[in-house]
Amino acid sequence: MAEHGPIDPDDAKLVTLARSSMGRTGAAEGAAVRDTDGRTYAASTVALPSLSLTALQAAVAAAVASGVDGLEAAAVVTGADVLDPDGAQAVRDLSPKALLLRADRTGTVQEVTGA
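Along each chain, residue indices are assigned from 1 in the same order as the chain's sequence is written. At least 70 in pLDDT is required for a residue's local features to be given in this predicted model, at least 80 for side-chain atom pairs to be given and counted, and no such filter applies to totals for whole chains, interfaces and linings, which use all residues. With hydrogens and water set aside, each side-chain value is computed from the structure's full complement of heavy atoms.

1. Brief notes about the packing of helix α2 (residues 55-65) against helix α3 (residues 85-94)
- Working convention: axes come from line fits to C-alpha atoms, limited for helices to the stretch in contact. Angles between N-to-C directions cover 0 to 180 degrees. Every helix listed is a DSSP run of H or I at least four residues long, and every strand listed is a run of E at least two residues long, numbered separately from the N terminus. For the pair α2 and α3, the least separation of the axes is 7 Å and the interaxial angle reads 25°. By the angle class used here, α2 and α3 are roughly parallel. In contact with L56, Q57, V60 and V64 of α2, α3 contributes D86, G87, A88, A90, V91 and L94.
- For this scheme, ten residues count as nonpolar: Ala, Val, Leu, Ile, Met, Phe, Trp, Tyr, Cys and Pro. Four count as charged, namely Asp, Glu, Lys and Arg, and the remainder, Gly too, count as polar. When the residues that make up the contact of α2 with α3 are grouped by side-chain class, the tally is 7 nonpolar, 2 polar and 1 charged. Here roughly perpendicular refers to angles of 65 to 115 degrees, roughly parallel to angles under 35, roughly antiparallel to angles over 145, and oblique to all remaining angles. Residue contacts are counted whenever heavy atoms from the two residues lie within 4.5 Å of one another.

2. Brief notes about the pairing of strand β7 (residues 109-113)
- Pairing between two strands is assigned when DSSP locates at least 2 bridges connecting them. Looking at chain direction, strand β6 (residues 99-103) and β7 are connected through 4 bridges and run antiparallel. Looking across to β7, one finds that L101 is bridged to V112.
- Between β6 and β7, which pair antiparallel and follow one another directly, the connecting turn spans 5 residues, one of which, G107, has a positive phi of 95°.

3. So, the environment of A31
- With respect to the secondary-structure elements, A31 resides in strand β1 (residues 30-35).
- Through-space distance from the C-alpha of A31 to that of A18 is 4.2 Å; in sequence the pair is 13 residues apart.
- Leaving out residues up to four positions away in the same chain, A31 has contacts with A18, Y41, A42, A43, A55, L56, A59, A75 and V76.

4. Quick notes on the pairing of β6
- In this scheme, a residue with accessible area under 20% of its type's maximum is buried, one over 50% is exposed, and one in between is partly exposed, where area comes from a 1.4 Å probe on protein chains only. A large share of β6 lies buried, amounting to 5 of its 5 residues.
- Of the two faces of β6, the one carrying L99, L101 and A103 and the one carrying L100 and R102 are both buried.

5. Points about the environment of A73
- Along the chain, A73 falls in strand β5 (residues 71-77).
- We classify A73 as buried; its relative accessible area is 1%.
- In sequence terms A73 and L14 are 59 residues apart; their C-alpha atoms lie 8.3 Å from each other.
- Sequence-distant contacts of A73, that is, excluding residues within four places in its chain, are made with D11, L14, A32, V33, R34, A98 and L99.

6. What about the sheet that holds β7?
- What the 5 strands build is an open sheet, ordered β2-β1-β5-β6-β7; its pairing is mixed. The sheet is open, and its two edges are formed by β2 (40-44) and β7, each paired on a single side. If you compare each strand with its neighbour and ignore which way they point, the axes differ by 15° on average.
- Set on the sheet, α2 makes contact with β1, β2, β5 and β6; between it and β1 the angle comes to about 35°.

7. Some words on helix α1 (residues 9-25)
- Helix span, as expected, comes to 1.5 Å for every residue beyond the first. Helix length check: α1 (17 residues) gives 25 Å between terminal C-alpha atoms against 24 Å at 1.5 Å per residue, within 8%.
- All of the buried residues in α1 are D11, L14, V15, A18, S21 and M22. Angular distribution of buried residues about the axis of α1 spans 125°; they occupy a single face of the element. Counted as exposed and oriented over 90 degrees from the buried face of α1: P9, T16, G23 and R24.
- In this structure, the buried side of α1 is in contact with β1, β2, β5, β6 and β7. The arc in question is the one traced by the directions running from the helix axis out to the C-beta atoms.

Next comes the structure, spelled out in structure tokens:
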């Protein structure tokens, strides 16, 4: 898929946070979400024997656990060519019209969906 054009600085921050989270943990993916108040939550893939979450599911879970009731945007940094459907659905469960960005491991946005 072709590289996406310029994005909003707040959305670029989400990509940076997602990439940083992935880098810190060495995980397969990193994700970050922004709530309707502008707060951000970042996470990476969770792969334990008793718990498996995509990075996006983990970021949404962190936001929900903090009392968030809506998201403006979410970003995933991944080597995959498509967003994991379970992670995307976690965002849609909370905010059906939230912006979703998929970036490659370099942080280049490859896909934008939603709003």
